[in-house]
Amino acid sequence: MGRRKLEMKQIEDKNSRQVTFSKRRSGLNKKAWQLSVLCDVAVAVVVFSSSGKLYEHCNGGTNSVEVMVSRYIIKAALRQKREAPKKGLPKIIWKLTTRVQDSKHAMSFYSQ
């Protein structure tokens with residue numbers, strides 16, 4: 001018996017929605033782990049529930065989502081520098097510190 005096609009719309013029943021969220025979050029984490037193992041890559045998954053609760057999963061060389069996000073910010077700043085070298089390093093450093101400050105602000109907002 002095949003699976004039926006699921007219509008993409010919000011699940012109205014709150015209990016069913018929570019069960020689906022939990023199952024799909026587990027499935028997402030499993031796929032992230034499989035990708036990490038099979039392809040030898042670092043993977044980080046960050047999910048915020050509708051109530052604002054943080055769920056994070058990280059594997060592949062580091063066990064910290066914070067380390068992965070910091071690594072992403074640095075790589076993005078370096079990529080931006082490489083793509084637009086005329087902008088200069090000070091502007092890139094400013095953007096990098098702005099991103100870090102924004103992430104710290106978001107972390108403090110959701111930890112309240």
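For the structure, see preceding data.
Small disclaimer: the values here were computed from a predicted structure and weren't measured.

A. Region of the structure containing the pairing of strand E1 (residues 43-48). Burial along E1 is one-sided: the face carrying Val-43, Val-45 and Val-47 is buried and the face carrying Ala-44, Val-46 and Phe-48 is not. With 6 bridges joining them, E1 and strand E2 (residues 54-59) adopt antiparallel strand pairing. Looking at E2, one finds that Val-47 is bridged to Tyr-55. Between E1 and the antiparallel strand that follows it, E2, lie 5 residues; Gly-52 among them carries a positive phi value of about 95 degrees.

B. Just a nonpolar patch on the surface, in detail. Residues Val-46, Phe-48 and Leu-54 make up a contiguous nonpolar surface patch of roughly 260 Å² in combined accessible area. Inspection of the secondary structure assignment puts Val-46 in strand E1. Take Val-46: its relative accessible area is 42%, and that puts it in the partly exposed class.

Rules used throughout
Residues numbered from 1 in each chain as written. Predicted model: local features only at pLDDT ≥ 70, side-chain atom pairs only at ≥ 80, totals over all residues. Heavy atoms only, no water. Buried < 20%, exposed > 50% of the residue type's maximum accessible area, 1.4 Å probe, protein only. Helix = DSSP H or I, 4+ residues; strand = E, 2+ residues; numbered from the N terminus. Pairing = 2+ DSSP bridges. Patch = residues over 30% accessible without salt bridge, like charges linked within 9 Å, V, L, I, M, F, W, Y side chains within 5 Å. Areas by Shrake-Rupley, 256 points an atom, 1.4 Å probe, with all protein chains shown as cover. Salt bridge = Lys/Arg side-chain N within 4 Å of Asp/Glu carboxyl O.

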